[in-house]
Structure formats: structure tokens, C-alpha cells
Amino acid sequence: MRDPESLASVTALCRDCLAEFPRAPNLRSESCPRCGSSRLVCHPELGRLAIAHIDCDAFYAAIEKRDNPALAGRPVLVGHDSGRGVVATACYVARRFGPRSAMPMYKALELCPHAVVIRPNMEKYKQVAAQVRAIFDAATPLVEPLSLDEAFLDLSGTTALFQRTAAATLAHIAREIEREIRITVSIGLSDTKFLAKMASDMNKPRGFTVIGRAEAVTFLHDLPVTRLPGVGASLANRLKVDGLFTIGDIQAKPATDMAARYGDTGALLANLARGLDERAVHNDRAAKTVSAETTFERDIAKVEDLLQRLWPLCERVAARLKAKGLAGRSVAVKLKTARFKLLTRHHRLSTPTQLAEQIYRAAKPLVERETTAQKKQGTRFRLIGVGVDDLCDASEADPPDLFANDGVEGKAHMAKVEQAMDAVRAKFGTAAIGKGRGFRGQKR
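Residues numbered from 1 in each chain as written. Predicted model: local features only at pLDDT ≥ 70, side-chain atom pairs only at ≥ 80, totals over all residues. Heavy atoms only, no water.

**Student:** Tell me about the sheet that holds strand 6 (residues 87-90), residues and numbers included.
**Tutor:** A sheet is described by the order of its strands in space; here 3 strands give the open sequence 6-5-7, paired in mixed fashion. The open sheet is flanked by strand 6 and strand 7 (116-118), the only strands paired with a single partner. When the angles between neighbouring strand axes are averaged without regard to direction, this sheet yields 25°. (Pairing = 2+ DSSP bridges. Helix = DSSP H or I, 4+ residues; strand = E, 2+ residues; numbered from the N terminus. Axes fitted to C-alpha atoms, helices over the stretch in contact; angles between N-to-C directions.)

Spelled out as C-alpha cells, the structure:
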């Protein structure tokens, strides 16, 4: 069995034989020392990253070319060629002449008049997408599709199962898709969904691009603000009025200034500009979960510091449950170590809840136990999250305690306190009122 530390130290991978190396092979030979392949991926963080975005290359056109060998080497446009038809997919041969997806078909044919136009066959494409998804599911349960031909994958829990890095599992996925389905994919690997998606777009087709944590800020610095998710023409114009043309311009602004100027959107952009993205990969087939998490600017070891950051997350989860009219029967805590190891712990509640106090009381001992267990190893943490699952209707939430007086500890009292706080926040904002534990250790 391979030591997890040895997997974390992997910095080079052969995409063909899946050989992994703690140091990059002699790149003067530009080939794998085991199989001779030139398809090497080398990155100092390769063994520690586990969030991926996989995108099928020119999906519709690739399927049509696979099914009709006579189309090999010819420019192919999938779409409707009458009226206001647009290009659904342009193969890579066609793209050399200028056609792109979503371009009006008449314009694409002006640029590439010798292209073969094929009407979409969505049923066939859905069948192929299901085959691709089956290969994803065999590798990890955490698959979040964005469309028929692309998905996020979280492989952080697969290293022990397969005895290889997440990067090697991704190379295996790509190899299986090529062998079994006879189309190709491009892969982006990072520690966040945002960076993984950016990476997958960079070296198509058959790409495998890695963006590590250490290089994220520098990598993003010179890109236009429109490369950030959610920045369309309207928001880009607002940002330009304030002198924010590149992602580096946003990096130079304090996050508090961005939040004050643009609200929640500004706070999100400030994080994304620094390569920070708290969004988890959600399995669309799994039971629904309401959760929140935060990544620290600096790694944390002390349990007191972790608990201070846990409480606001419990409040956020409770607010979301209340807004959706839901409650949950189980509380989960998520911790990610400085070495990117993901730890999850669960606690089953006696009755469903939507109260922040109840969520915190269930999550707190989970954090304390895990921190104590990791203390001897000197473990530091870079992320904490809390979630509530096994959801039900809010009408089942927080029944009164049958054997407790309704004093400080009673659920009815907790509910009244939170209702009063919610009313104040609804009128004056989320920062208008809070419990003492949310302010401990903060500068005033």
C-alpha cells in the first residue's frame, strides 16, 4: 500500500502508462522513462490537487466524426443551416477558419464555405454523455455536470481507494473515454472549481493543464476581468469605470472595498481574483445538503480559532434552511488540512433542526475531536465547512423538549432568540446583531 505522503510528493505523471514520479524525469529526453511516451504532466503541486473540470473536445462534432470515418480531416459544423440557425459545435479543423460555437451558421459558412453541416442528433449525444458519465462515476461519487459534455469532479477521497494521485485517476479517465467511447477530453486540475475550469480551456484538444495554489495569483493577474465567472458586459463596464480592467486590478483592491462597492458580488470577485473559491463539487444524484464553508487566508491549528470560524457558518446554514423552508436530521463537518487532505465527520440528530445553535452544538465536538486527533501530527487546517443533510420540511423542525424546562437550554427558547435576531437582521442587515462567540478575538 502506498503511503499518502508519497502520493502527495508526486510532481510528474505519464498520461499513457500512469507512471508517477516524485521528481520530473529528465526533460531533455521529453519522454516517460517507463513507456517512452512524451505525454508527461509535470507540476510541483501535482500530487496534492484534487478538483477537476473535464470537458469533451468538440463533443457533437467528435461523435459525428467517430460515426462517419469519411469526415476525418474535414471541417464539420453541427447545427441548423437555415434561417437563424447557429453553430452548436465546430470541429477543430473548422475552427482554423474562424467558426465557433454559438456563431450564426451563415457567418460560419462565410468563413468556411467548404464545411460539412450536420443537423444535431440530441438523442445520440445524450447516450454518449451517459457513457462518459458512467466512467466519471466509476472514479468518484462527487460528479457535478454542467452540461452534456462537461463536469466538475472532486477526487480528494480517491487516493487511498486507487492507490494513486487524483491526477493519475484523471489520466485514467481520459484514457478510458478514448478507448471505450472513441472521443477525447481536456482536463483542468486545481484546488478550486474556478481554476480547474480555467485550466481545462487552455490546451485543447486532449489537454491536461494544472494550475496550483502557489501560482494562482500570478496566473490570474494579467487576465481581463471578463474571465471571472459572472462578469458579463454590464458588470465589466461598471468595473472599468472604477479603473478595474484586469484581475490584477481587483487583486490590488482590499476585499472590504470590493464588498462595500459591489456587495456580495464584490466580495465574491475579490476571492476569485485571488484564486479562492469556496464552492464545493455537488453530486446531482446525492441527497440535497445545505452547507457553507470558508478557506482561511492562513492555515489554522488551534481549536479555538476553528470554532470561532465555525459559528458564522452555522448561522449561514441556518439562514439558508429557513429561507428554503427546510430542516435537517444530520450535521456534517468538513475540514481540509494544509496538505489538502479532506476530513468529514457526521453527527445524527435526535430531531430535525434549522437552528444555528443546534447545528453549532452538534458540529463543535466533531471539530474538537478531530483537532485533538490531529494535534500530535502538528496538523494545520486551511478550510472548515459545516452542512445539514437528510432534509425534511421545516414543520418537523425543533420540537419542544419534553423533559426540559424551557429555560436557556430549551429549543423553544433557542427558536425565539433566533427569530428575534432574524427580524433585526432582516431590517438592519446581517451585521446588526450576533452572539458573543462570533466576535471573540476579532479586532474592533
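**Student:** Any chance you could break down the pattern of salt bridges for me, citing the residues and the numbers?
**Tutor:** As enumerated under the stated definition, the model contains 21 salt bridges in all. With a closest N to O distance of 3.3 Å, Asp 55 and Lys 204 form a salt bridge. You can see Asp 55 sitting in strand 4 (residues 51-56) and its partner Lys 204 sitting in the loop between helix 8 (193-200) and strand 11 (208-210), a full 149 residues away along the chain. What emerges from the salt-bridge pattern is a single network uniting Glu 64, Arg 66, Asp 67 and Lys 124. (Salt bridge = Lys/Arg side-chain N within 4 Å of Asp/Glu carboxyl O.)

**Student:** Help me get a handle on the environment of Ala 58, residues and values and all.
**Tutor:** Among the structural elements, Ala 58 can be located in the loop between strand 4 and helix 2 (59-67). Taking the C-alpha atoms as reference points, Ala 58 and Ile 183, separated by 125 residues in sequence, lie 9.2 Å from one another. Every residue in contact with Ala 58, bar those within four places of it in the chain, is listed here: Thr 89, Ala 90, Cys 91, Tyr 92 and Arg 95. (Contact = heavy atoms within 4.5 Å.)

**Student:** I'd like to hear about the side chain of Arg 66, residue by residue, with values.
**Tutor:** Locating Arg 66 in the fold gives a position in helix 2. A residue is classified by how much of its surface remains accessible, and Arg 66, at 18% relative accessible area, is buried. At 2.8 Å, the side chain of Arg 66 forms a polar contact with the side chain of Asp 67. Those residues in contact with Arg 66, other than ones at most four positions away along the chain, are Val 128, Ile 181 and Arg 182. (Buried < 20%, exposed > 50% of the residue type's maximum accessible area, 1.4 Å probe, protein only. Polar contact = N/O pair within 3.5 Å; in protein donor to acceptor, adjacent residues only side chain to side chain.)

**Student:** Could you give an account of the confidence of the model for the protein, naming the residues involved and the relevant values?
**Tutor:** In the predicted model, the protein carries a mean pLDDT of 87, and 87% of its residues have values of at least 70. Taken together, the stretch residues 440-444 has pLDDT below 50 and engages in 4 contacts with residues farther than four places along the chain or on a different chain. (pLDDT = per-residue confidence, 0-100.)

**Student:** Report on helix 12 (residues 255-273), specifying residues and quantitative values.
**Tutor:** With 19 residues, helix 12 should reach 27 Å at 1.5 Å per residue; the first-to-last C-alpha distance of 10 Å falls well below that figure. Every buried residue belonging to helix 12 is among Met 258, Tyr 262, Gly 266, Leu 269, Ala 270, Leu 272 and Ala 273, and all of these are buried. At its buried positions, helix 12 is contacted by helix 8, helix 9 (216-221), helix 10 (233-241) and helix 11 (247-251). Residue Gly 275 follows helix 12 closely and has a positive phi angle near 80°. (Expected span 1.5 Å × (residues − 1).)

**Student:** Account for the packing of helix 13 (residues 303-324) against helix 14 (residues 356-375), with residues named and values stated.
**Tutor:** Axis separation between helix 13 and helix 14 bottoms out at 9 Å; the angle between their running directions is 145°. Of the two elements, helix 13 crosses helix 14, and the hand of that crossing is right-handed. Of the residues in helix 14, those touching helix 13 at Val 303, Leu 306, Leu 307, Leu 310, Trp 311, Cys 314, Glu 315, Val 317, Ala 318 and Leu 321 are Ala 356, Glu 357, Ile 359, Tyr 360, Ala 363, Lys 364, Val 367, Glu 368 and Thr 371. Partitioning the contact of helix 13 with helix 14 into residue classes produces 14 nonpolar, 1 polar and 4 charged. (Left-handed = near helix turned anticlockwise from the far one by under 90°. Nonpolar A, V, L, I, M, F, W, Y, C, P; charged D, E, K, R; others polar.)

**Student:** Describe the packing of helix 5 (residues 122-139) against helix 7 (residues 166-180), naming the residues involved and giving the relevant values.
**Tutor:** Two elements in contact, helix 5 and helix 7, have axes whose closest approach is 10 Å; the angle formed by their N-to-C orientations is 150°. Considering the angle they form, helix 5 stands roughly antiparallel to helix 7. Crossing of helix 5 against helix 7: the hand is right-handed. The residues of helix 7 that touch helix 5, namely those facing Val 132, Ile 135, Phe 136 and Ala 139, are Thr 169, Ile 173, Glu 176, Ile 177 and Glu 180. Considered class by class, the residues forming the contact of helix 5 with helix 7 number 6 nonpolar, 1 polar and 2 charged. (Parallel < 35°, antiparallel > 145°, perpendicular 65-115°, else oblique.)

**Student:** Can you lay out helix 8 for me, pointing to particular residues and giving the numbers?
**Tutor:** Burial runs high along helix 8: 7 of the 8 residues are buried. Within helix 8, burial applies to Lys 193, Phe 194, Leu 195, Ala 196, Met 198, Ala 199 and Ser 200.

**Student:** Break down unusual backbone geometry for me, citing the residues and quoting the values.
**Tutor:** In this model, Lys 204 is joined to Pro 205 through a cis peptide bond whose omega is -10°. Within the element layout of this structure, Pro 205 appears in the loop between helix 8 and strand 11. Backbone geometry places Arg 182, a non-glycine residue, at a positive phi of 65°. Examined against the element boundaries, Arg 182 turns out to sit in the loop between helix 7 and strand 10 (185-190). Looking at Arg 182, the relative accessible area reads 53%, which means it is exposed.

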